[in-house]
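Chain by chain, the residues:
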Amino acid sequence: MQTYDAVNTIVNIIKNNIEKIGRQLRIIEVCGTHTVSIYRNGFHTLFKGYIDFISGPGCPVCVTHEGYINNLIELAKMNYTIYTFGDLLKVPGKSMSLAEARAEGAKIKIMYSPVDIVENISENEEAIIAAIGFETTVPAFALSIEKVLERGLKNVKFACELKTIDQPLKVLLKDHIKVDGLILPGHVATILGVDGFKFVEEFKIPSVISGFEKYDILLSLMSLTQSILDSDFTVKNEYKRVVKKEGNTVAKRYIERFFDRTDAYFRGLGLIEGGGLRLKSEYSAFSVQLKYDYESLSNSACRCADVLTGKLKPFECPLFEKVCTPQTPKGACMVSQEGSCNAYFRFGKWK
Ligand code: SF4
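Residues numbered from 1 in each chain as written. Predicted model: local features only at pLDDT ≥ 70, side-chain atom pairs only at ≥ 80, totals over all residues. Heavy atoms only, no water.

- In the nomenclature of an unreviewed UniProt entry, the protein chain is known as Hydrogenase formation protein HypD of Anaerocellum danielii.

Quick look at the structure:
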C-alpha cells in the first residue's frame, strides 16, 4: 500500500470511529510539542467538526510564572550571571523580561545544556542556573549537580522551578476540564514510562502516549478514538520505539538521588501540592532561595491561564495577533515555540 493510501485509510478509520461515537470529541494534547505538530500538520482542519484539540499545561515555559522571572532579574542585579534556556528570555516579568534586563546590562546568558555550563565554567564566575522543565529535563539538571560536586565548585547555584507532570494533570482533570481523551507527552514518558501515567486510568478517560511525527499522531488518534469507542481506559503506548513500560530507570534514579517533591505554582492552575521538585536538603547549598508573592501574580490582560486550562482558544484572546505576536509577546504562551498561542499564530488556519 502506498503511503498516501495508508494515511487516507487511517484518517478514515479515525473519522469512522468518531461517527460511531456520534459527537465531536474534545481531546487534550498535554505537551506543547504535540500542539505544534498538530497545527503544523493541519490536523485541526483535517479533523474539523470531528475533534476539538485543546492544549494542556505541558509546555514548561508557559507554566513558569512571572514571579520566577522577577527573581532571576533581581539575582542578575546582584551581579550573578544567570544561565537560562533561550525560550525564557522573552517571558514578561513584572516590569521587564530577561531579554530587556540583559539589554540594560544584566549578565544573562543563554544555555543549551546545564551540563556544558558546569563542565566549562570558570571558578571566578558567580553563576546561577535557571532550572525549569518537566521530568524530561530534570535528569540533565541532576547530572549537572553531580558535575558540580565532582569539580568541587562553590560558585554555581541552581534556581529550581522544576515541575512534575502527574500532579498538574490530576488537578486539571479533576477540577478544570472535561475531555474525551488525552494525548500524553511522549518525551516525559521516555523517562517515567507507561507506568508513570497509570494514574490517568483512575479518571476513566482514555489516553495514549504518542510520538511527535505526523504518523505518530495519526496512529495515536486511531488508537485513542478506538479506546473512546470501547470505553477502554487503559493507557495505550503508541510510542513503543522509545517509551518502555518502566521508563528510563537510570534517569529516574538520578532524579530521586538529587530531588524531592515540593509544591509548585503553575500558570493557570495555581499552587499545586507536589507539583514541583526541589534539591534534597543535603544539596541545599547549591539551591537559591526564591521569594514568591503568589497573590500578586498574573494580573495582566494576558489570558494564558485560560488557554492552558482549555477555557479559551488563543484566537479568542483580545490581544491575540493585534498586540500579542511572537515578536511582541504579552504572555508566555506566545513566547515559547511550544506555546499554544505561538503555534496558532504560526500554523493556525482556524478561520
Ligand atoms: Fe496571552 Fe498573548 Fe496568548 Fe493572549 S494571545 S493569551 S496575551 S500569550
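That shown, we press on.
**Some remarks on the pairing of strand E11 (residues 270–279)**
Link 1 in the chain: Of all the 10 residues making up E11, seven are buried; the element is thus mostly covered by neighbouring parts of the structure.
Link 2 in the chain: Sheet topology note: the strand E6 (residues 156–163)/E11 ladder contains two bridges and is antiparallel. Directly across from leucine 162, in E11, lies its bridge partner leucine 277.
Link 3 in the chain: Inspection of the sheet shows strand E10 (residues 259–266) paired to E11 by seven bridges, in the antiparallel sense. Considered in E11, the bridge of arginine 261 is made with leucine 277. (Buried < 20%, exposed > 50% of the residue type's maximum accessible area, 1.4 Å probe, protein only. Helix = DSSP H or I, 4+ residues; strand = E, 2+ residues; numbered from the N terminus. Pairing = 2+ DSSP bridges.)

**A word on the packing of helix H8 (residues 138–151) against helix H12 (residues 249–258)**
Link 1 in the chain: At a minimum axis distance of 9 Å, the contact between H8 and H12 shows a crossing angle of 60°. In terms of their interaxial angle, H8 and H12 are classed as oblique. Between H8 and H12 lies a crossing of left-handed hand. Side by side, H8 and H12 meet where Val138, Pro139, Ala142, Leu143, Ile145, Glu146 and Leu149 of the first sit next to Ala251, Tyr254, Ile255, Arg257 and Phe258 of the second.
Link 2 in the chain: By residue class, the composition of the contact of H8 with H12 is 10 nonpolar, no polar and two charged. (Axes fitted to C-alpha atoms, helices over the stretch in contact; angles between N-to-C directions. Parallel < 35°, antiparallel > 145°, perpendicular 65-115°, else oblique. Left-handed = near helix turned anticlockwise from the far one by under 90°. Contact = heavy atoms within 4.5 Å. Nonpolar A, V, L, I, M, F, W, Y, C, P; charged D, E, K, R; others polar.)

**Concerning the site of the ligand**
Link 1 in the chain: Around the ligand sit Cys302, Arg303, Cys304, Cys317, Leu319, Phe320, Cys324, Lys330, Gly331, Met334 and Cys341, and that is every residue in its neighbourhood.
Link 2 in the chain: By residue class, the composition of the shell around the ligand is eight nonpolar, one polar and two charged. (Near = heavy atom within 4 Å.)

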